[in-house]
Amino acid sequence: MRSNLLESAGIDIGGPCLDAKEVTILVPNYKTPEITRICLRLLRKHCDPSQVHVIAIDNDSDDESLTYLKSLKWIELIERHREPDDSPALSHARALDLALERVTTPFVLSIHTDTFVRDPAWLGTLLAPFHEDPKVAGVGSWKLETKSPLALLGRRIEQFWKESTAKLTGRRTWDPVRFDESQRYLRSHCAMYRTDLIRKLGTCFSDEKREAGRTMHRKMLEAGYRMVFLDSAHLGRYVDHLNHATMVLNPELGSKASTVRSGKKRIQARMRGIDAVGILADASLDR
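Residues numbered from 1 in each chain as written. Predicted model: local features only at pLDDT ≥ 70, side-chain atom pairs only at ≥ 80, totals over all residues. Heavy atoms only, no water.

A. Expanded view of the overall build of the chain. A tally of helices and strands in the chain yields 13 helices and nine strands. Burial status across the chain gives 47% buried among its 287 residues. As displayed, the chain has an accessible area near 14,400 Å², and 52% of this comes from carbon and sulfur atoms. (Helix = DSSP H or I, 4+ residues; strand = E, 2+ residues; numbered from the N terminus. Buried < 20%, exposed > 50% of the residue type's maximum accessible area, 1.4 Å probe, protein only. Areas by Shrake-Rupley, 256 points an atom, 1.4 Å probe, with all protein chains shown as cover.)

B. Main features of helix α9 (residues 214-222). Those residues of α9 lying buried are R214, T215, M216, H217 and M220. Just past α9, the residue G224 takes up positive phi, approximately 95°.

C. Representation of the side chain of T24. On the secondary structure map, T24 appears in strand β1 (residues 23-29). For T24, a relative accessible area of 1% corresponds to the buried category. Polar side-chain contacts of T24 include one of 2.7 Å to the side chain of T105. Among all residues touching T24, those that are not within four sequence positions of it are H53, I55, V103, T105, F107, V108 and L109. (Polar contact = N/O pair within 3.5 Å; in protein donor to acceptor, adjacent residues only side chain to side chain. Contact = heavy atoms within 4.5 Å.)

D. Local environment of the sheet that holds strand β8 (residues 226-229). Spatially, the seven strands line up as an open sheet ordered β3-β2-β1-β4-β7-β6-β8, and their pairing is mixed. Of all strands in the sheet, those bounded by a partner on one side alone are β3 (76-80) and β8. Within the sheet, the average angular offset between the axes of one strand and its neighbour, ignoring direction, is 20°. Across five bridges, strand β2 (residues 52-59) lies against β3 in parallel orientation. For N59, the partnering residue across the bridge sits in β3 and is R80. Contacting β1, β2 and β3, helix α3 (residues 64-71) crosses the sheet at an angle of about 145° to β3. (Pairing = 2+ DSSP bridges. Axes fitted to C-alpha atoms, helices over the stretch in contact; angles between N-to-C directions.)

E. Structural view of the pattern of salt bridges. Summed over all chains, the structure comprises 18 salt bridges. The partner of R214 in a salt bridge is E211, with the nearest N and O atoms 2.8 Å apart. R214 sits in the buried class, given a relative accessible area of 14%. By relative accessible area, which is 32% here, E211 ends up partly exposed. A network of salt bridges, in which partner residues are shared, links R80, E83, D85, D86, R94 and K209. (Salt bridge = Lys/Arg side-chain N within 4 Å of Asp/Glu carboxyl O.)

F. Structural detail: the packing of helix α2 (residues 33-46) against α3. With their axes 8 Å apart at the nearest point, α2 and α3 run at an angle of 25° to one another. Of the possible angle classes, the one that applies to α2 and α3 is roughly parallel. Note that α2 runs across α3; the crossing there is right-handed. Side by side, α2 and α3 meet where P33, T36, R37, L40 and R41 of the first sit next to E64, S65, Y68 and L69 of the second. (Parallel < 35°, antiparallel > 145°, perpendicular 65-115°, else oblique. Left-handed = near helix turned anticlockwise from the far one by under 90°.)

Structure follows, in structure tokens:
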């Protein structure tokens, strides 16, 4: 049976569905009470519950955010406990994998608690490329941000300077992934995949114990599939991402003091832009 969501995107996945719903959304959580509340209320507001299943994975928060998640009847909650070798990035990836084991829908989508849905057409936007090309395995973005021409010029100058310095000193002072587009992968702040293909390739979010989705992305490319990076300006019409909010709000995870200060100012400004006060006041979105 085809659903309204797939029909609206013009998608025929072929074969029987394992689940009457099309997309399972995975949301790892770690100690971000207000942001988690906003994230899930916006999901509730902009998703059809007959078409979407939401799994929240708490990463051993033991705080108000976990209490909130336990109060929601419309999500599935998994409580994960830390492993001895967890790092912040690996803990996040393993949380996604714990939920991935329970996914029975044709598509699985990872987001962060600081990923805020702005428009109900967001899922159709992510699903569309799967229909346009049957070889598409994943759809999302590298960074959900729009750079001005001046900022892009500054980035190119920075790249040239750091590469030149490295050649002179023999010391690499930059992350090549930041500048080399061939090394980029769909980031877990908003990345949708074909569930059957993840299982077919025997991969997962924490594959090789790397950042969530990095190895999975590479294996899909090596298997001959396409990974679609949506333009930040286009995807940003539907989804907003605060970027590193969990690290900023929990500095014990390793953020520098200067990063925390600037990050909090950035988060406060973005929260005003989505009417966070109004969303936090609307408890009806929890039902």
